[in-house]
Amino acid sequence: METREKVLLELRPEIPSAKITSFMSSEETFQNGTIRPVVKLQNDLLVAVFKNYVCKHKNVFNDLTVDKKLDYIENAIHKDMKFRNSLKGIIIGQFTVKEYLLYTQNSSALNKRMMNIVKERLKDNLLQFETNTLAIAT
């Protein structure tokens, strides 16, 4: 029988640009070795959760300009604690027990890094969607 840890680690995509060196802080090492791969793995779920968030907030998002949509994503992640905690749970739930124990030692700093990565990923997905929509319309 495979262990949960082994299965979780095997599922994660490799990110060649997320390098780990001996000069990095422990937070940056954790970010590149754990958070980035988990966020990439969870990308489709994060996008679906954000789409659900938009629907629950009366689809106001869909009528905004691209710049306002980027601001909306930022505000949703920073100001809506329920939504923020849901996003954190999606990421933390993919940690191994060892990673979780490391995370708890400095959760405040790691949460900031985690939410910044999630925010950028949602923004990138939005921009990609906007670009595809514009290409189809022309």
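Look up: the structure comes first, before these words.
Below: a short report on this structure. (Residues numbered from 1 in each chain as written. Predicted model: local features only at pLDDT ≥ 70, side-chain atom pairs only at ≥ 80, totals over all residues. Heavy atoms only, no water.)

### Observations regarding the packing of aromatic side chains
Part 1 of the argument: In this structure the tally under the stated criterion is ten aromatic pairs.
Part 2 of the argument: Ring plane angle 90° and centroid distance 5.4 Å describe the contact between F30 and F95, whose orientation is recorded as edge-to-face. Of this pair, F30 sits in helix 2 (residues 26-41) while F95 sits in the loop between helix 5 (81-92) and helix 6 (97-105), placing them 65 residues apart in sequence.
Part 3 of the argument: F30 sits in the buried class, given a relative accessible area of 7%.
Part 4 of the argument: Ring geometry for Y100 versus Y103: centroids 6.0 Å apart, planes at 35°, classification tilted. Remark: Y103 and Y100 occur in helix 6; sequence separation between them is three residues, near one turn of the helix.
Part 5 of the argument: For Y100, a relative accessible area of 39% corresponds to the partly exposed category.
Part 6 of the argument: What makes Y103 buried here is its relative accessible area of 7%.
Part 7 of the argument: Connected via pairs of aromatic rings, a cluster forms that spans F50, Y53, F61, Y72 and F83.
Part 8 of the argument: The lysine or arginine in question, K69, covers the ring of F61, its NZ or CZ lying 5.4 Å from the ring centre. (Phe/Tyr/Trp six-rings, centres within 6.5 Å; stacked < 30°, edge-to-face > 60°. Helix = DSSP H or I, 4+ residues; strand = E, 2+ residues; numbered from the N terminus. Buried < 20%, exposed > 50% of the residue type's maximum accessible area, 1.4 Å probe, protein only. Lys NZ or Arg CZ within 6 Å of the ring centre and 35° of its normal.)

### Digging into the packing of helix 4 (residues 66-79) against helix 5
Part 1 of the argument: Contact geometry for helix 4 and helix 5: axes closest at 5 Å, N-to-C directions at 85°. As the angle between them shows, helix 4 and helix 5 are arranged roughly perpendicular. In contact with A76, I77, H78 and K79 of helix 4, helix 5 contributes M81, F83, R84 and L87.
Part 2 of the argument: When the residues that make up the contact of helix 4 with helix 5 are grouped by side-chain class, the tally is five nonpolar, one polar and two charged. (Axes fitted to C-alpha atoms, helices over the stretch in contact; angles between N-to-C directions. Parallel < 35°, antiparallel > 145°, perpendicular 65-115°, else oblique. Contact = heavy atoms within 4.5 Å. Nonpolar A, V, L, I, M, F, W, Y, C, P; charged D, E, K, R; others polar.)

### Regarding the side chain of R84
Part 1 of the argument: Its place among the elements puts R84 in helix 5.
Part 2 of the argument: Every residue in contact with R84, bar those within four places of it in the chain, is listed here: I77, H78, N111 and M115.

### A few points about a nonpolar patch on the surface
Part 1 of the argument: A contiguous nonpolar patch, built from V97, Y100 and L101 and spanning about 300 Å² of accessible area, is present on the exposed surface.
Part 2 of the argument: By the element assignment, V97 lies in helix 6.
Part 3 of the argument: Assessed through its relative accessible area of 59%, V97 is described here as exposed. (Patch = residues over 30% accessible without salt bridge, like charges linked within 9 Å, V, L, I, M, F, W, Y side chains within 5 Å. Areas by Shrake-Rupley, 256 points an atom, 1.4 Å probe, with all protein chains shown as cover. Salt bridge = Lys/Arg side-chain N within 4 Å of Asp/Glu carboxyl O.)

### Side note on the pattern of salt bridges
Part 1 of the argument: Applying the stated criterion across every chain yields a total of four salt bridges.
Part 2 of the argument: Ionic pairing is found between E10 and K6, a salt bridge with its closest N-O pair at 4.0 Å. In this pair, E10 and K6 both sit in helix 1 (residues 4-11), four residues apart, roughly one turn of the helix.
Part 3 of the argument: Between K123 and E74 there is a salt bridge, with its nearest N and O atoms 2.7 Å apart. Pair noted here: K123 is in helix 7 (residues 107-137) and E74 is in helix 4, with a separation of 49 residues, a long-range link.
Part 4 of the argument: Since its relative accessible area comes to 26%, E74 is described here as partly exposed.

### Describing the environment of H78
Part 1 of the argument: In this structure, H78 sits in helix 4.
Part 2 of the argument: Along the primary structure H78 and Y53 are separated by 25 residues, whereas in three dimensions their C-alpha atoms are 14 Å apart.
Part 3 of the argument: Excluding residues within four positions of it along the chain, H78 makes contact with R84, N116 and K119.

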